[in-house]
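Observations on the model geometry
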Amino acid sequence: MLRDIANKLPFPILPVIYILAGLFLSFYSLNVFFELSEDLMEEERFQFDQVIIHYVSEIRNDTLTAIMKFITFLGSTTILTILLIGSLIWLIVKRKNYWGAIFYIIAVAGGGLINLGLKHWFGRIRPENSLIIEQGFSYPSGHSMGSLIYYGFLGYLVIRSQRGRSLKLLFGIGFITLILLIGFSRIYLGVHYPSDVLAGFSAGTVWLLLCIGGRESIRAYKKRTLPFFKRKHPQ
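What this report covers is the structure whose coordinates are included nearby. (Residues numbered from 1 in each chain as written. Predicted model: local features only at pLDDT ≥ 70, side-chain atom pairs only at ≥ 80, totals over all residues. Heavy atoms only, no water.)

Among the nonpolar cores identified, the biggest contains 48 residues, and Phe33, Tyr104, Tyr139, Tyr150, Tyr151 and Phe153 are the most heavily contacted of them. In terms of residues, this core owes the most to one element, helix 7 (residues 142-159), which gives 10 residues. Filtering out sequence-adjacent residues up to four positions away, tyrosine 139 remains in contact with Phe33, Leu36, Ser37, Leu40, Leu118, Lys119, Phe122, Arg124, Ser195, Asp196 and Ala199. (Core = buried A, V, L, I, M, F, W, Y, C linked by side-chain atoms within 4.5 Å. Buried < 20%, exposed > 50% of the residue type's maximum accessible area, 1.4 Å probe, protein only. Helix = DSSP H or I, 4+ residues; strand = E, 2+ residues; numbered from the N terminus. Contact = heavy atoms within 4.5 Å.)

Within a pair of aromatic rings, the relevant descriptors are the distance that separates the centres and the angle that separates the planes. If you walk through the whole model with that rule in mind, you get 14 aromatic pairs. Ring geometry for tyrosine 104 versus phenylalanine 153: centroids 4.8 Å apart, planes at 25°, classification stacked. Remark: phenylalanine 153 occurs in helix 7 and tyrosine 104 occurs in helix 6 (residues 98-122); sequence separation between them is 49 residues. Tyrosine 104 sits in the buried class, given a relative accessible area of 0%. Note on phenylalanine 153: relative accessible area 0%, which makes it buried. Taken together, the aromatic side chains of Tyr104, Tyr150, Tyr151, Phe153, Tyr156, Phe171 and Phe175 make up a single cluster linked through ring pairs. Directly above the ring of tyrosine 188 sits arginine 60, whose terminal nitrogen or CZ lies 5.7 Å from the centroid. (Phe/Tyr/Trp six-rings, centres within 6.5 Å; stacked < 30°, edge-to-face > 60°. Lys NZ or Arg CZ within 6 Å of the ring centre and 35° of its normal.)

It is the contact of helix 4 (residues 62-73) with helix 8 (residues 165-188), at a shortest axis distance of 9 Å, that shows an interaxial angle of 125°. Relative to helix 8, helix 4 is oriented oblique. Viewed along their axes, helix 4 and helix 8 form a crossing whose handedness is left-handed. Residues Leu64, Thr65, Met68, Ile71 and Thr72 of helix 4 lie in contact with helix 8, whose contacting residues are Leu181, Ile182, Phe184, Ser185, Arg186 and Tyr188. Tallied by class, residues from the contact of helix 4 with helix 8 come to 7 nonpolar, 3 polar and 1 charged. (Axes fitted to C-alpha atoms, helices over the stretch in contact; angles between N-to-C directions. Parallel < 35°, antiparallel > 145°, perpendicular 65-115°, else oblique. Left-handed = near helix turned anticlockwise from the far one by under 90°. Nonpolar A, V, L, I, M, F, W, Y, C, P; charged D, E, K, R; others polar.)

So, on to the pattern of salt bridges. All chains considered together, the criterion is met by 5 salt bridges. A salt bridge links arginine 124 to aspartate 49; the shortest N-O distance between them is 3.4 Å. Within this pair, whereas arginine 124 is found in the loop between helix 6 and helix 7, its partner aspartate 49 is found in helix 3 (residues 47-59), the two being separated by 75 residues in sequence. Like arginine 124, the residue aspartate 49 is buried in the burial classification. The partner of aspartate 196 in a salt bridge is arginine 124, with the nearest N and O atoms 2.7 Å apart. Taken together, the residues span a long stretch of sequence, with aspartate 196 in helix 9 (residues 194-223) and arginine 124 in the loop between helix 6 and helix 7 at a distance of 72 residues. Like arginine 124, aspartate 196 is buried. Salt bridges here are not isolated pairs; linked through shared partners, they connect Asp49, Arg124 and Asp196. (Salt bridge = Lys/Arg side-chain N within 4 Å of Asp/Glu carboxyl O.)

Structure below.
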């Protein structure tokens, strides 16, 4: 319905909405990350960290712990690498989407390098008494950032595909739910503070949108049209 209304307008409104929404989300996410990072550098304690950690500790049980361990595995470097290889094969061999594959690699691999650099820059020690053993620094959460970038870009590819709207909506809800669950699993298992997860999501959102913007710019240049929306001029 929105697209039908936009077609009646004398100017392409949908691309403007998409671009403005992307810019707003990027600036907001960047601001969240900077605010968290500034407080962390000033060695301020995040009150919401302690509140959430206390709540999570109250709901722990053996069954939920087993589920959280499986969910956190879905955001690990190992599984994301395997899934990325499978996605690239599908994009290149099946869909012939070479630019999509290139930007997928840039998004996931670049996000991993950025996260690694940020971890060493801030050097935050992980929480004590975790349920699993993890190496490296804590801030920002690599699982949270990596899963948002990987599953987020996969969701973008699905939305950009020729699949039906209902299926796109189902995939979108599924990916968002999985990303949030992975972030929660890191807090539940005690390997990250909630602020680590929030920072990972914020930094991942900025990088993901930059990569999607790059892919859309290539698409617009190749088709000589605006991203996400092709105008139909009256005869």
